[in-house]
Amino acid sequence: SNGSIIIKNGGVIVQGVGQAIKNANINIILDNGILDIKDSTLFVNNSEVDIDGKIDEKSIADIKIKADRIPLPMLFYSFAPKELRNAYNFRSADASFELNLNGKLKEAVATVKAGLDNLNISDRANSLSIQNKKFSSEFFANKKDFRGKLTNQSLLVSLPKTRSTI
């Protein structure tokens, strides 16, 4: 199969929110059974997402996706269903992650490092509030194994109507 997806300086503007995605430069080429993703980037607000890699004709993958401090409220208010947007105040949270996929697809090894900083979300009914200073995770997966490590700092769950805090 042959084909390509080329986006130059693309973006997504959401009415009432603004430009959710900007400066998208995506280069995906499919040529003779090779999927090649070259120098592809996009920005959520001013936070960059990089995508680069290849799956060759022998189904061997070498793909990397990396993002640093993606503002989740921007994505939430841009793409979440209206009922959710109307039910919650998503004040802050920045997500970072790095995904690597390597090896023959049937036996590929995936590693993921992900983090979430400064989470602050509550429902508009004032019955639930969640704050978290820092969350990080690391995962490894292959055909036979899945393992990971989670680390959390300063999680606070509050139920204001009952004056409860966890």
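The structure this text deals with has already been given above.
Reference entry: report on the structure contained in this document. (Residues numbered from 1 in each chain as written. Predicted model: local features only at pLDDT ≥ 70, side-chain atom pairs only at ≥ 80, totals over all residues. Heavy atoms only, no water.)

**Points about the pattern of salt bridges**
Then, in step 1: In the structure shown here, the tally under the stated rule is six salt bridges.
Then, in step 2: For the salt bridge of Lys38 with Asp36, the shortest nitrogen-to-oxygen distance reads 3.7 Å.
Then, in step 3: Looking at Asp36, the relative accessible area reads 15%, which means it is buried.
Then, in step 4: For Asp117, the salt bridge identified is with Arg69, shortest N-O distance 3.3 Å. (Salt bridge = Lys/Arg side-chain N within 4 Å of Asp/Glu carboxyl O. Buried < 20%, exposed > 50% of the residue type's maximum accessible area, 1.4 Å probe, protein only.)

**Here's the deal with a positive patch on the surface**
Then, in step 1: A surface patch of like charges, here positive, comprises Lys58, Lys104, Lys106, Lys143 and Lys144.
Then, in step 2: Tracing the backbone shows Lys104 in strand S6 (residues 88-104). (Patch = residues over 30% accessible without salt bridge, like charges linked within 9 Å, V, L, I, M, F, W, Y side chains within 5 Å. Areas by Shrake-Rupley, 256 points an atom, 1.4 Å probe, with all protein chains shown as cover. Lys, Arg positive; Asp, Glu negative; His and termini not counted. Charge placed at Lys NZ, Arg CZ, Asp CG, Glu CD. Helix = DSSP H or I, 4+ residues; strand = E, 2+ residues; numbered from the N terminus.)

**Let's talk about the pairing of strand S1 (residues 2-14)**
Then, in step 1: Here 10 bridges tie S1 to strand S2 (residues 18-31), and the two strands are oriented antiparallel to one another. If you follow Val12 over to S2, its bridge partner there is Ile21.
Then, in step 2: From the end of S1 to the start of S2, which pair antiparallel, there are three residues, and Gly16 there has a positive phi angle of about 85°. (Pairing = 2+ DSSP bridges.)

Bear in mind that shape data such as this cannot, by itself, settle questions of function.
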